[in-house]
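Summary of the model geometry
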Number of protein chains: 2
Amino acid sequence: MTSIHIDHVAVVVEDIDSALGFWQQALGLECQGIKDIQEEEVQVAFLEVGESHIELVKPTTEDSGIAKYLAKRGAGMHHLCLRVNDIDAAIVQMQQADVEMINETPRVRDNGTRYAFVHPRSTGGVLVELYEKA
Amino acid sequence: MTSIHIDHVAVVVEDIDSALGFWQQALGLECQGIKDIQEEEVQVAFLEVGESHIELVKPTTEDSGIAKYLAKRGAGMHHLCLRVNDIDAAIVQMQQADVEMINETPRVRDNGTRYAFVHPRSTGGVLVELYEKA
């Protein structure tokens, strides 16, 4: 992994508009869009901050994993996404280091990007997403 | 705030060495040092990731705020630090937008950097540190 940076920090919120009051209006970050992702049962807003993004995530159903997380833990940072050049190589590297993957093989989004989550047990408590741009 | 980026994501951990097994050994991030910050009752490791850092933070006493956070919430992401050009202007901007600051005036570290925390109530649940490099 020669090049790696923070792609985004995902923040679970109760309400997108209310959170935008801070991240967009007060801080002045550019909101690059709000969209419903039906298959993940969330509404998401993307805000640009340097080479990274803040992703505000609001559950749109009551029984998704993210809805349960919000109910149990409250609003706040949910996961950290790191962009890597080659996700296949990254997963092999994780496994060789005895890091526990939630996804042993990459999952694929509609836009072709591939990603895999690392179990928080292996990272010091952080849900880490590894992500390769399509 | 014309320029703003993620300075660091602070991660509260039970054990620095164990967490470095992921962030340094498995991911390959460069560890830029480990130091004890006695006045904050923590040991901290800094890892470079793109233009940002991961800060692993381990409480070194049992009754600090960070130790209580770890006992109550468990290991994981603790706060998000955004670097701004002018922290005085940033705080005024926050106050004009009715954002609740934990520190209404910047605090100063030994190395001269100035910082102020924003209350999670105003951000959608994230403890946000605003920081101006010395």
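Quick caveat, the model's predicted, so the values are computed rather than measured.

**A short note on the pairing of strand β2 (residues 30-37) of chain B**
Residue and element names in this part refer to chain B.
- Direction of pairing for β2 relative to strand β3 (residues 42-49): antiparallel, over a ladder of seven bridges. The residue bridging Ile-34 from the neighbouring strand is Ala-45, located in β3.
- Taking the residues that link successive antiparallel strands as the turn, the β2-β3 hairpin has four residues, and the phi of Glu-41 there is positive, at about 60°.

**Regarding the sheet that holds strand β4 (residues 52-59) of chain A**
Residues and elements named next belong to chain A.
- Read across the sheet, eight strands follow the order β2-β3-β4-β1-β5-β8-β7-β6 without closing on themselves; strand pairing throughout is mixed. If you trace the sheet from one side to the other, it starts and ends with β2 (30-37) and β6 (107-108), each paired once.
- Sheet analysis places β6 next to strand β7 (residues 114-118), joined by two bridges and oriented antiparallel. Each bridged residue has a counterpart across the sheet, and for Arg-107 the counterpart in β7 is Tyr-115.
- This element, helix α1 (residues 16-26), spans β2, β3 (42-49) and β4 of the sheet and lies at about 160° to β4.
- Sheet strands touched by helix α3 (residues 87-96): β5 (76-84), β7 and β8 (128-132). Its angle to β8, the strand with the most contacts, is close to 145°.

**What about the interface of chain B and chain A?**
- With 39 residues of chain B at the interface, the matching set in chain A holds 39 residues.
- Roughly 3,000 Å² is buried in total at the junction of chain B and chain A, and carbon and sulfur atoms are behind 72% of that figure.
- Ranking the residues of chain B by area buried against chain A places Phe-22, Leu-27 and Met-77 of chain B at the top, with a combined share of 21%.
- For the interface between chain B and chain A, the tally reads zero salt bridges.
- At the surface where chain B touches chain A, the tally comes to eight residue pairs in polar contact (both at pLDDT 80 or more).
- For the side of chain B that touches chain A, the per-class residue count stands at 26 nonpolar, eleven polar and two charged.

**Quick look at the side chain of His-5 of chain A**
- Topologically, His-5 of chain A is positioned in strand β1 (residues 4-12).
- Taking relative accessible area as the criterion, His-5 of chain A reaches 16% and is therefore assigned buried.
- Non-local contacts of His-5 of chain A, meaning those with residues more than four positions away in its chain, are made with Glu-51, Cys-81, Leu-82 and Arg-83 of chain A together with Val-49 and Gly-50 of chain B.

**Points about the relation of the copies chain B and chain A**
- Note on the copies: chain B fits chain A at an RMSD of 0.0 Å, the axial shift is 0.0 Å, and the rotation between them is 180°. Look at the turn and shift together and you get a two-fold axis relating the two. Considering only C-alpha atoms, the part of chain B nearest the rotation axis is Met-77 of chain B, at 3.4 Å.
- Taken together, the interface assignments show that 100% of the residues at the interface of chain B recur at the interface of chain A, consistent with an identical surface on both copies.

**Digging into the sheet that holds β2 of chain B**
- Spatially, eight strands are ordered β2-β3-β4-β1-β5-β8-β7-β6 (chain B) in an open sheet, and the strand pairing comes out mixed. In the strand order of this sheet, the two ends are held by β2 and β6 (107-108) of chain B, each with one partner.

**Here's the deal with helix α2 (residues 65-73) of chain A**
Residue and element names in this part refer to chain A.
- Those residues of α2 lying buried are Ile-66, Ala-67 and Leu-70. Looking straight down α2, one finds its buried side chains confined to an arc of 105°; they lie on one side. Exposed side of α2, more than 90 degrees from the buried face: Gly-65, Lys-68, Ala-71 and Lys-72 are the residues found there.
- At its buried positions, α2 is contacted by β1, β3, β4 and β5.
- Downstream of α2 by a residue or two, Gly-74 has a phi angle that is positive, lying close to 85°.

**Quick look at the pattern of salt bridges**
- One pass over the structure, following the stated rule, counts ten salt bridges over all chains.
- Residues Asp-88 of chain A and Arg-114 of chain A are paired through a salt bridge, measuring 2.7 Å at the closest nitrogen-oxygen approach. Here Asp-88 of chain A, found in helix α3, pairs with Arg-114 of chain A, found in strand β7; they are 26 residues apart in sequence, far enough to count as distant.
- Arg-114 of chain A gets classed as partly exposed once you look at its relative accessible area, which sits at 23%.
- One salt bridge connects Glu-100 of chain B with Arg-121 of chain B, and the closest N-O pair in it is separated by 2.9 Å. A residue pair is termed long-range when its members are at least 10 positions apart, and Glu-100 of chain B in the loop between α3 (87-96) and β6 and Arg-121 of chain B in the loop between β7 (114-118) and β8 (128-132) qualify at 21 residues.
- For Glu-100 of chain B, a relative accessible area of 33% corresponds to the partly exposed category.
- Ionic contacts of the salt-bridge type, sharing partners, join the residues Glu-40, Arg-109 and Glu-129 of chain A into one network.

The rules behind the values
- Residues numbered from 1 in each chain as written.
- Chains lettered and ligands numbered in written order.
- Predicted model: local features only at pLDDT ≥ 70, side-chain atom pairs only at ≥ 80, totals over all residues.
- Heavy atoms only, no water.
- Pairing = 2+ DSSP bridges.
- Helix = DSSP H or I, 4+ residues; strand = E, 2+ residues; numbered from the N terminus.
- Contact = heavy atoms within 4.5 Å.
- Axes fitted to C-alpha atoms, helices over the stretch in contact; angles between N-to-C directions.
- Buried area = accessible area lost by both parts, 1.4 Å probe.
- Salt bridge = Lys/Arg side-chain N within 4 Å of Asp/Glu carboxyl O.
- Polar contact = N/O pair within 3.5 Å; in protein donor to acceptor, adjacent residues only side chain to side chain.
- Nonpolar A, V, L, I, M, F, W, Y, C, P; charged D, E, K, R; others polar.
- Buried < 20%, exposed > 50% of the residue type's maximum accessible area, 1.4 Å probe, protein only.
- Least-squares fit on C-alpha atoms with pLDDT ≥ 70 in both.
- Arc of directions from axis to C-beta.

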